[in-house]
Amino acid sequence: MKLTWTRLMSVGNESIDSEHKTLLKMVNDIERPIRAKDAAALLQAFKLFEDAFHIHSRNEARIARAINYPFEEHKLEHLYFLNELQSIRDELVSNEGRWSESAVEHYYCFLSEWTATHIGEDDMRMKEILETLPYDFKPPDAPQ
Ligand SMILES: [Fe+2]
């Protein structure tokens, strides 16, 4: 199932929304090498997603700090997800791409479900505050 960003997923901030669109596209891009059993492409797509999620996590933490949104629990969830991503990737690497169909389906479901929940539920809690600010709000310590 393809994940598509819709207006209903907007959390009221341009940079977060834009990163969410990219993350969803990357999750979709992971599906292709899974179906094609292309281990090298799968690992590369995984790495890209991990890196993008790292950057996204830091951006959200900066925005949360700037709007005084309590982010501790959210941050722990990000760390948990990043750890899971790393162990999934390590497992794929150690199996040299000889993964079982069910294992990869399981990883893919975990990835897509977690990402969808992250956007639709976890980040949505910031919307009420973010909507009181301009859509293009950037925290003062945002990288240029
Ligand atoms: Fe997010």
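Above this note sits the structure.
Just so we're clear, the structure is a prediction, and the values are computed from it rather than from any experiment.

Cut-offs used in this document
Residues numbered from 1 in each chain as written. Predicted model: local features only at pLDDT ≥ 70, side-chain atom pairs only at ≥ 80, totals over all residues. Heavy atoms only, no water. Donors = N, O, S within 2.8 Å, 3.2 Å for Na, K, Ca; no water. Helix = DSSP H or I, 4+ residues; strand = E, 2+ residues; numbered from the N terminus. Buried < 20%, exposed > 50% of the residue type's maximum accessible area, 1.4 Å probe, protein only. Polar contact = N/O pair within 3.5 Å; in protein donor to acceptor, adjacent residues only side chain to side chain. Contact = heavy atoms within 4.5 Å. Axes fitted to C-alpha atoms, helices over the stretch in contact; angles between N-to-C directions. Parallel < 35°, antiparallel > 145°, perpendicular 65-115°, else oblique. Left-handed = near helix turned anticlockwise from the far one by under 90°. Nonpolar A, V, L, I, M, F, W, Y, C, P; charged D, E, K, R; others polar. Core = buried A, V, L, I, M, F, W, Y, C linked by side-chain atoms within 4.5 Å.

## Points about the coordination of the iron ion
Working step 1: Every protein donor of the iron ion is listed here as His 20 (NE2), His 56 (NE2), Glu 60 (OE), His 118 (NE2) and Asp 123 (OD), and their distances to the metal cover 1.8 to 2.2 Å.
Working step 2: When the donors of the iron ion are listed by position in the chain, the intervening gaps give H-x35-H-x3-E-x57-H-x4-D. Of this pair, Glu 60 sits in helix α2 (residues 39-66) while Asp 123 sits in the loop between α4 (101-122) and α5 (127-130), placing them 63 residues apart in sequence. With respect to burial, Glu 60 and Asp 123 carry one shared label: buried.

## Concerning the side chain of His 20
Working step 1: Mapped onto the secondary structure, His 20 falls in helix α1 (residues 14-36).
Working step 2: In this structure the side chain of His 20 is engaged in a polar contact, spanning 2.7 Å, whose partner is the side chain of Asp 123.
Working step 3: If near-sequence neighbours (up to four positions away) are discounted, His 20 is found in contact with Trp 5, Val 11, His 56, Glu 60, His 118, Ile 119 and Asp 123.

## Observations concerning the packing of α2 against α4
Working step 1: At their nearest, the axes of α2 and α4 sit 14 Å apart, and the two run at 20° to each other. As summarised for this structure, α2 and α4 are arranged roughly parallel, according to the angle between their axes. Considering how the two elements wind past one another, α2 and α4 form a crossing that is left-handed. Contacts between α2 and α4 involve Phe 46, Phe 49, Phe 53, His 56 and Glu 60 on the former and, on the latter, Leu 111, Trp 114, Thr 115 and His 118.
Working step 2: For the contact of α2 with α4, the per-class residue count stands at five nonpolar, three polar and one charged.

## Regarding the nonpolar core
Working step 1: Residues Ile 30, Phe 46, Phe 49, Phe 81, Leu 92 and Leu 111 are the most contacted members of the largest nonpolar core, which totals 27 residues.
Working step 2: For this core, the secondary-structure elements that each account for two or more residues are α1, α2, α3 (72-94) and α4.
Working step 3: Considering each element in turn, this core owes the most residues, seven residues, to α4.
Working step 4: Setting aside residues up to four positions removed in sequence, Phe 46 forms contacts with Ile 30, Leu 85, Ile 88, Arg 89, Leu 92 and Leu 111.

## Some points on the packing of α1 against α2
Working step 1: One can describe the packing of α1 onto α2 by two numbers: an axis separation of 9 Å at closest approach and a directional angle of 165°. On the basis of their axis angle, the class for α1 and α2 is roughly antiparallel. Seen along the crossing, α1 lies across α2 with a hand that is left-handed.

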